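# Inside the fold
Listed below are the residues making up each chain.
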Amino acid sequence: MQRIGVFVCWCGSNIAATVDVDAVVEAVKNEPGVCHAQNYQYMCSEAGQGLIKNAIKEHNLTGIVVCSCSPRMHEATFRKTAEQAGLNPYMVEIANIREHCSWIHKDKKEATEKAVILARAAIAKVNLNTPLRPGESMVTKRALVIGGGIAGIQSALDIADAGYPVDIVEKSPTIGGKMAQLDKTFPTLDCAACILTPKMVEAAQHPNINIYSYSEVEAVTGFVGNFDVKIKKKARFVDEKKCTGCAVCTAKCPSRKGGNEFNCNLDNRGAIYIPFAQAVPNVACIDSTRCIHFKTGKCGICEKSCSAGAVNFDQKDEIIEQKYGAIVVATGFQISDVTKFDEFQYTKHPDVITSLELERIMNAAGPTKGTLLRMSNKEHPKDIVFIQCVGSRGNTCRDKTYCSKICCMYTAKHAMLIREKYPDVNVHVFYIDVRTPGKNFDEFYRRAVEQYNVDYIKGMVGKVWENEEGRLTVQGVDLLSNRRIMLDTDMVVLAAAIEPSEGVRNIATMLTASIDTNDFLTEAHPKLRPVESPTAGVFLSGVCQGPKDIPETVSQAGAAAVKVVGLLAKDKLVTSPCTANANELMCNGCSTCERVCPYGAIDYIDKEVNDHGKREVRRIARVNSALCHGCGACTVACPSGAMDLQGFSNRQIMAEVDAICK
Amino acid sequence: MQVSENTENKEFKPLIVAFCCNWCSYAGADLAGTSRLSYPAEVKIIRVPCSCRVNPMFILKAFEKGADGVIMCGCHPGDCHYSTGNYYARRRMTLLFSMLDYLGIDRARTRVEWVSAAEGQKFSLVMNDFAKTVTELGENIKLGDLRCKKQQD
Amino acid sequence: MQKTAGLIKKRVLELLADGTVTKVLGWKEGDFIYDVTPASFLSAQEADGLVYSSFCGANLSKYLISECKALTEGKILALLKPCDTYSFNQLLTEHRIDRDKVYVIGVGCKGMLDIEKIKAMGIKGITKVIDNGKELDIKTIYGSKTCKREDALLEKCLCCKSKNFKAFDEIIDPEPETKEEKADRFAKVSELEAMTAEERYAFWQEQLSKCIRCNACRNVCPACSCMKCVFDNPVSGVSSKANTDSFEEKMFHIIRAFHVAGRCTDCGECSRVCPQNIPLHLLNRKFIKDINELYGEYQAGEEVGSRAPLADFTFDDAEPSVVNERGNS
């Protein structure tokens, strides 16, 4: 039999005004196991905790029930109190008589009755509590960053600077991500490459950073502090150690029909290529789907032209297995599919482009060498129409419901840059709202309107078509003057919605990190834990968590890095003892529990058991308590009741139900 | 089987057990409390780590003991703290509640609601509505009497 | 039937003789011709008592759990009717038996007879039953009687799952798949569903009050194969052994039905063996019907290793409120 103490908190008047705390003490005094009951003004105060500690010692208590606020608030506090008095912290149960009682009920009699019942349920449970001991797990002092864009690079640099080794896994042949494709950045208009490439180089040269480019995460098992990750290093058919990045092969490659992804397929690249001049690593890569050698067995020009002898057609995919203590997801974004918006003629007319395509056209390393030209006839445009919110903020199946956040600013940037460089070009912008909060952002937008005379039109575009002159006609509405407008233009630029990168769902599944309906990774708390995933040891950096611009991405990347460093700085982690546990004598070894476990925490072993003197070898379930998170899915799936959850056992919950339904 | 008359219904206070998952619904209930959004005192909450921890036996126990309604709340599908727990719970509860209905426990006496930690208002609304429904149904049959026909006679 | 029995016996003797199997699981005749019970045979001599008749309804697969454990050499031969092979597969899925230790002979089946149904027709003192396909010629000590074969079939045979074997090492005398329309196995479930909650409660109260807790249903059920049943396990919170309340006693059938939900092959053994004739299969079939309607057709034991519906989900599963919505439609 337990010796239970019940402590009823007044919480000042928060509880005591609606619950007759004396009556509660009186009512629970004679409950089975209770040998001490009292109330106090603030149980969580020093004095209140002291009172509990004294009572534990004085009455030799084996378990305590605190009737107070939500366990989510002070369970940890009272567990610590119990521990300080020599009691196992898991011998504490909380009856939530504030949030679930005094704060929502007005009638004192009713609230008091309910408080007594909640207290009884907690007493019934604590009667069946057993001392539990948390486990410990080691921390592998190495971090993995998935994604090598500005978010991943920044997180990796910050972790590496703190002294911990970091691996960056980037699926494309170079790090740099979307930022590398940008021409200028708002609101300062400095060139993206000028600020990004030094960071890329720094990452490449950092003694604590190792970059796996052209690689993907294949599998993740394990848990916080102890992730086992398989990384597939895809064959690039070029020896990274030998290649000097001279780019002779890329110029000589005769297979030139395929699009150049870096330039949004506005021009072509060879089958062997270096994505861009400042690529890191600056190593060529053969696209085997386009390479003549892989198709016909002939050619081999690159191999012959390479003075370093780096080309190796026999290179195979390689699987690297590595242990990590923490994982940062920095998988970024992609431009959503605008082909769904047929009314804008994107698929039909080369002069209808996305904003990212415009970035490439404006960039000196782009398909037009930085000259603003119409893609249809390579002529200088006279009029440009920008259409905002293409695929954002909508409620049809084509749209994202969210605001992509960066489009207002980059459109203002584009408009301004065009007007600056080509004052003869008329720029019109159709918008729903202009959203430019942020330091120096609204000023930036106003400069576009006031200083550069960009024509902002509040309203949406209905359709775009090619007119008789071979130019484009844009039909839209001006909501402010409430009239339909028709504009003849040379180019239409779509501010397409951004969406999480393809494959992020797959990565989230591997990490058991949750994902929202838009495939953005969910944070542990939207306000208080914005860079942590609810899955311990997984952190979020950049747009994979939600749309954001470069400064926001960089600050979040840094924040994620701090969380990683905080974790890696620990030598050991304490694991919750509230995990599942299989009773060997009752387990059937039927594998049902294994199927429902989201963490792969259950496996089966053939073990000799002693069933009341009968010794036999049985297939039985074994829970890895370091992997188990204590959800309890297995306990209900188990037909024999062999699987139970410590801290929330079948008998404990049954006892609570019993106490409530008395 | 509903013994109470309408006149008695005014006095009738149902016994309602609510199973709430620790991460979403229990926190949602806490938020309802913090926001002072009231719901009837007849609702008694039992905390479980996840909706997938709710063993049908707990619910049978409640009905056996004479509960008038049982409601299970968990994170919205897709938002489970343990990523998949509520999907299993959803199937289990669907089948269990269908079975209880088949055995004669009025289907309005069982309910599943997904309540997030941010939905204090929803928690309160749900509990008010459920309590109202169950109150209108009156006192429940006792599932425990399913096997006691002779003793009743 | 006579012919099949002969072929089976011949083959059993061969397999025993060449050492392929060391033990045979089959049926033997009791005091009466309809009184056929499961039995094991260790030698050719013992196998003389092996029978295969229209009263071999019993599903032998569950015995394989203990037989596999006890087996030290050779294999055990199990005679399985098509429907029994589903239970066999389900046990394999749950790692309860070892496929390598079993030699399965699939035996053709035309549907098995329910002696209770024959007796209920007022036919007593039965000495012999001659199966003419459509009709039964029943010899009794009071003379000959006849009845339609389908009127005397076991409940499970009225809606025979299949004549095909889902697991076997060899097959003896298979039957072609029946062409005639099978009875709707959910007819009674639908009928109950159409009643009011009060009527359903009354129905089940009437039925379940008959239970004497003899555990025959639990002992025969191939899905109830736990090492130790929750009802016998004091820490499960269900067992009433160490408890004064009778939760277990009252909730036995409901908990049992839930435990086998998604795993029950609808073999009908629970109802067949119930001495009080409680239609326990109606509980299992309710779960099966719901599972089929909500999550897609699923037959436990159809294939080894399939994921039971309750250990599975899809992102867009029906919401539990479907229970209410169906009721209102």
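On to unusual backbone geometry. Residue and element names in this part refer to chain A. For the peptide bond that leads from Phe-186 to Pro-187, omega is -5°, which places it in the cis range. Of note, Pro-187 is situated in the loop between β8 (184-185) and β9 (190-191). Residue Pro-281 is reached from Val-280 by a cis peptide bond, and omega for that bond is 0°. Mapping Pro-281 onto the fold places it in the loop between β13 (272-273) and β14 (285-286). Unlike most non-glycine residues, Lys-378 shows phi in positive territory, near 55°. Looking at the secondary structure, you find Lys-378 in the loop between α12 (355-362) and β19 (383-390). Judged by the 9 C-beta atoms lying within 10 Å of it, Lys-378 falls in the exposed class.

Glancing now at helix α3 (residues 46-58) of chain A. Residues and elements named next belong to chain A. Taking 1.5 Å as the rise per residue, α3 with 13 residues should run 18 Å; its terminal C-alpha atoms sit 18 Å apart, in good agreement. If you check which residues of α3 are buried, you get Gly-48, Gln-49, Ile-52, Ala-55 and Ile-56. Taken down its axis, α3 places every buried residue within 120° of arc, on the same side. Across α3 from its buried face, at more than 90 degrees, point the exposed residues Glu-46, Ala-47, Asn-54, Lys-57 and Glu-58. In this structure, the buried residues of α3 make contact with β1 (4-9), β2 (34-40), β3 (63-68) and α4 (71-84). At the exit of α3 stands Asn-60, carrying a positive phi of roughly 55°.

Of the residues in chain B, 90% reach a pLDDT of 70 or more, and the chain-wide mean stands at 88. Scored below 50 in pLDDT, residues 1-9 of chain B makes 13 contacts in the model with residues more than four places away or belonging to other chains.

Another aspect to go through is the environment of A:Glu58. With respect to the helices and strands, A:Glu58 occurs in helix α3. Placed 22 residues apart in sequence, A:Glu58 and A:His36 show a C-alpha to C-alpha distance of 9.9 Å.

Our focus in this paragraph is the domain arrangement of chain C. All names here are of chain C. Under the domain assignment used here, chain C contains domain 1 (1-113 + 161-177), domain 2 (115-152) and domain 3 (186-329). Inter-centroid distance (C-alpha atoms) of domain 1 to domain 2 is 26 Å. Its residues placed into classes, the side of domain 1 that touches domain 2 shows six nonpolar, one polar and no charged.

Residues and elements named next belong to chain C. One open sheet holds the three strands; their spatial order is β6-β7-β8, and the pairing between them is antiparallel. Two strands lie at the open edges of the sheet, namely β6 (126-131) and β8 (143-148), each paired on one side alone. The mean angle between the axes of side-by-side strands here comes to 25°, regardless of whether they run parallel or antiparallel. Bridge analysis of β6 against strand β7 (residues 135-140) gives five bridges, and the strand direction is antiparallel. Bridge pairing in β7 links Ile-126 to Thr-140.

Hydrogen bonds between backbone atoms are what pair the strands of a sheet, whose relative direction is either parallel or antiparallel. Residue and element names in this part refer to chain A. Read across the sheet, four strands follow the order β2-β1-β3-β4 without closing on themselves; strand pairing throughout is parallel. Either end of the sheet is taken by a strand with one partner, and the two such strands are β2 and β4 (92-96). Recorded for the sheet is a direction-independent mean angle of 15° between the axes of neighbouring strands. With five bridges joining them, β3 and β4 adopt parallel strand pairing. In the strand pairing of β4, Ser-68 is matched with Asn-96.

Moving on, we get to the environment of C:Ala216. Residues and elements named next belong to chain C. Here Ala-216 shows up in helix α8 (residues 216-220). Measuring from C-alpha to C-alpha, the distance between Ala-216 and Val-273 comes to 6.4 Å, with 57 residues separating the pair along the chain. Non-local contacts of Ala-216, meaning those with residues more than four positions away in its chain, are made with Val-273, Cys-274 and Pro-275.

With that settled, consider the nonpolar core. If you look at soluble globular proteins, the nonpolar side chains tend to sit buried side by side. Membership of the largest hydrophobic core comes to 183 residues, with the highest contact counts inside it found for A:Val6, A:Ile64, A:Val65, A:Cys67, A:Ala119 and B:Val17. Counting residues in hydrophobic clusters, the runner-up holds 132 residues, among them A:Ile146, A:Val493, A:Val504 and A:Leu568.

Listed as interface residues are 16 residues of chain C and, on the opposing side, 18 residues of chain A. Partitioning the side of chain C that touches chain A into residue classes produces six nonpolar, six polar and four charged.

Quick notes on the rules
- Residues numbered from 1 in each chain as written.
- Chains lettered and ligands numbered in written order.
- Predicted model: local features only at pLDDT ≥ 70, side-chain atom pairs only at ≥ 80, totals over all residues.
- Helix = DSSP H or I, 4+ residues; strand = E, 2+ residues; numbered from the N terminus.
- Buried ≥ 20, exposed ≤ 12 C-beta atoms within 10 Å, placed from the backbone.
- Expected span 1.5 Å × (residues − 1).
- Arc of directions from axis to C-beta.
- Contact = placed C-beta atoms within 7 Å.
- pLDDT = per-residue confidence, 0-100.
- Domains from an automatic or database assignment.
- Nonpolar A, V, L, I, M, F, W, Y, C, P; charged D, E, K, R; others polar.
- Pairing = 2+ DSSP bridges.
- Axes fitted to C-alpha atoms, helices over the stretch in contact; angles between N-to-C directions.
- Core = buried A, V, L, I, M, F, W, Y, C linked by C-beta atoms within 7 Å.

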